[in-house]
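Each chain, letter by letter, is given below.
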Amino acid sequence: MVAFNYNQHFQSCIEGIKKEGRYRTFANMERIAGRFPKALYRAPGQEAKEITIWCSNDYLGMGQHPVVIRAAQEALERCGAGAGGTRNISGTTRYHVELEESLADLHGKDSGLVFSSGYVANEGALSTLGKLLPECVIFSDALNHASMIHGIREAGVEKHIFRHNDVEHLETLLKSVDIRRPKIIAFESVYSMEGDFGRIAEICDLAERYNALTYLDEVHGVGLYGPRGGGVAEAQGQMHRVDIIEGTFGKAYGSLGGFITGPRAIVDAVRSFSSVFIFTTSLPPSILAASLAAVEHLKVSDVEREKMRKNVSLFKDLLSRADLPFLKGESHIVPLIVGEPNCCREVSEILMRLHDIYVQPINYPTVPKGTERLRLTATAAHSSGDVRNMADVLVNLWETHHGLVRAVA
Ligand SMILES: *Cc1c(COP(=O)(O)O)cnc(C)c1O
């Protein structure tokens, strides 16, 4: 009998994705606090070099804000490194309590609940709500994030996927289901690979008409939109109409963790039934203190949002003038379409090698084949010089771009 060769099996799994050009290589980054978007990049076997990051989700530079760093340091010194337990068994700290109150206030909801990450929040909340509601049906936008898809699958309920942002399609699907059955509509406020907004008001209209709960992922909206950073729903005057809002501290708030806010009974049910919430060590005080400081700061400060908006609009303007093929969504995210996986990787390599600019290529399966792209983020921390330089480099590169595509085709 030949013994099963485990190593060979896993090696062939890897070879498979390598052949499809889907093998991921990580860039070794050391962000420089106080100088972000500058960072040190270390290529394997080479000296570190200073580069500018153009694909970070630390949109407002809060990860290096003095108020945030100080809050984390203070909590670390006062309480030590870890929380020391799960939320239920000795791991609920004053920072959890204060942060959850701050989040409920941010969204004008009864309650907030903090999770290990935004991914875990989506997975935990959607799976729990789906499981607890009898005969539940979930309606999900076709471009929803993997974490929502995972949560919906985990719920094990009937699901319908509506075409991205197609509210007519959503209505057709809602109509096809018995009006008496409990329903959840799950969607996002900012679709991070497309840079467009979700149709919040229209989806809330439908939810009222068909008696469905609305579940809105504001991961790329919180901190960034609305007068207090409540998100796109706040900016559009729709926040009170959305039942459950989900967000992260990992992006505009510059830290780590996820959360939901909503009506008391719903949040309490998730707190009481969600396995991924209950059976895990809670986040450490330093991280929570950093998140709380960022949330509170962005409730009253518009400086960072203004700076980012200015950079984004300058950047879009410069790319538009040169007719570069980026998706003209309403949000701060600028997806620049390359349309071919090898070329996309090559453009990214040229940026790093010749221009000291870091942009990770986005290829299938994150986006559909033929729409490979660079997902560019002009943050509040970039200078207008950074923005102009990036636009210049891209415009020059695009002039040789067609030659590039041919070279690899
Ligand atoms: C990043 C992301 C998440 C997950 O948030 P993390 O805090 O990074 O786990 C959820 N939803 C969307 C749309 C995201 O882009």
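Residues numbered from 1 in each chain as written. Predicted model: local features only at pLDDT ≥ 70, side-chain atom pairs only at ≥ 80, totals over all residues. Heavy atoms only, no water.

Participant: Let's hear about the overall build of the chain: which residues, and what values?
Facilitator: Scanning the chain from N- to C-terminus turns up 15 helices and 16 strands. Over its C-alpha atoms the chain spans a radius of gyration of 22 Å, differing by no more than 12% from the 22 Å that the globule rule assigns to 409 residues. Considered along the principal axes of its C-alpha atoms, the chain spans approximately 65 × 60 × 55 Å. Residues counted as buried form 53% of the 409 residues belonging to the chain. Counted over contacts in the chain with a minimum sequence separation of 6, partners at least 24 positions apart contribute 70%. Carbon together with sulfur atoms contributes 53% to the accessible area of the chain, which is approximately 18700 Å² in total. (Helix = DSSP H or I, 4+ residues; strand = E, 2+ residues; numbered from the N terminus. Rg over C-alpha atoms; globule rule 2.2 N^0.38 Å. Buried < 20%, exposed > 50% of the residue type's maximum accessible area, 1.4 Å probe, protein only. Contact = heavy atoms within 4.5 Å. Areas by Shrake-Rupley, 256 points an atom, 1.4 Å probe, with all protein chains shown as cover.)

Participant: Go over empty space enclosed by the protein, please, and point to the residues and values.
Facilitator: Enumeration according to the criterion identifies one cavity of 30 Å³ or more in this entry. By volume, the largest cavity amounts to about 100 Å³. Only β4 (111-115) and α10 (275-278) provide two or more residues apiece to the lining of the largest cavity. In terms of residue class, the lining of the largest cavity is built from six nonpolar, five polar and one charged. (1 Å grid on protein atoms, 1.4 Å probe; cavity = no way out; pocket = protein on both sides within 12 Å on 5 of 7 lines; lining within 4 Å. Points joined across faces, edges and corners; volume = space filled by probe spheres on them. Nonpolar A, V, L, I, M, F, W, Y, C, P; charged D, E, K, R; others polar.)

Participant: Give me the pattern of salt bridges: which residues, what numbers.
Facilitator: In the structure shown here, the tally under the stated rule is 24 salt bridges. Across the pair Lys 38 and Asp 386 runs a salt bridge whose closest N-O atoms are separated by 3.4 Å. Separated by 348 residues along the polypeptide, Lys 38 in strand β2 (residues 38-42) and Asp 386 in helix α14 (residues 384-399) bring together distant segments of the chain. With its nearest N and O atoms 2.9 Å apart, the salt bridge here joins Arg 321 to Asp 317. Remark: Asp 317 and Arg 321 occur in helix α12 (residues 303-321); sequence separation between them is four residues, near one turn of the helix. (Salt bridge = Lys/Arg side-chain N within 4 Å of Asp/Glu carboxyl O.)

Participant: Explain the nonpolar core to me, using residue names and the numbers behind them.
Facilitator: Core analysis: the largest hydrophobic core is formed by 95 residues, its most contacted members being Ile 185, Phe 315, Leu 351, Leu 374 and Leu 394. Residue contacts for Leu 374: discarding those within four places in its chain leaves Val 334, Pro 335, Leu 336, Val 338, Cys 344, Val 347, Ser 348, Leu 351, Val 359, Gln 360, Pro 361 and Trp 398. Leu 113, Leu 129, Ala 155 and Tyr 215 belong to the second largest nonpolar core, which has 21 residues in total. (Core = buried A, V, L, I, M, F, W, Y, C linked by side-chain atoms within 4.5 Å.)

Participant: How would you summarise the layout of surface pockets if you had to cite specific residues and measurements?
Facilitator: If a probe as big as a water molecule is rolled over the atoms, it shows which places are left empty. The calculated volume of the second largest pocket comes to roughly 290 Å³. Put simply, the parts of the chain that give the lining of the second largest pocket at least two residues each are β4, α9 (264-273) and α10. In terms of residue count, the dominant contributor to the lining of the second largest pocket is α9 (four residues). Residues of the lining of the second largest pocket, tallied by class, amount to four nonpolar, four polar and five charged.

Participant: So, the pairing of strand β6 (residues 158-162): which residues are in play, and what are the values?
Facilitator: Relative to β6, strand β5 (residues 137-141) runs parallel, the two being bridged by five bridges. Considered in β6, the bridge of Phe 139 is made with His 160. Between the parallel pair β5 and β6, the chain is carried across by helix α5 (residues 146-155), and the sense of this crossover is right-handed. (Pairing = 2+ DSSP bridges. Right-handed = clockwise from strand over helix to strand, strands pointing away.)

Participant: Describe in detail the sheet that holds strand β13 (residues 333-337), supporting the description with residues and values.
Facilitator: The three strands are arranged β13-β16-β15 in an open sheet whose pairing can be described as antiparallel. The sheet terminates laterally at β13 and β15 (361-362), the two strands that pair on one side only. Sheet topology places β15 next to strand β16 (residues 373-377); two bridges connect them, and they run antiparallel. From the neighbouring strand, Ile 362 faces β16, where its bridge partner is Arg 373.

Participant: Go over the site of the ligand with me, naming the residues and quoting the values.
Facilitator: In the vicinity of the ligand lie 13 residues, with Gly 118, Asp 217, His 220, Thr 248 and Lys 251 positioned nearest. At a separation of 3.5 Å, an oxygen atom of the ligand approaches a polar side-chain atom of Ser 117. Side-chain polar atom of His 220 to an oxygen atom of the ligand: 2.6 Å apart, as the coordinates give it. In the complex, 83% of the free accessible area of the ligand, which totals 380 Å², lies under the protein chains. Broken down by element, the residue count for the shell around the ligand peaks at three residues, all from helix α4 (residues 118-132). Per-class residue counts for the shell around the ligand are two nonpolar, eight polar and three charged. (Near = heavy atom within 4 Å. Polar contact = N/O pair within 3.5 Å; in protein donor to acceptor, adjacent residues only side chain to side chain.)

Function-wise, these values are silent; they only describe arrangement.
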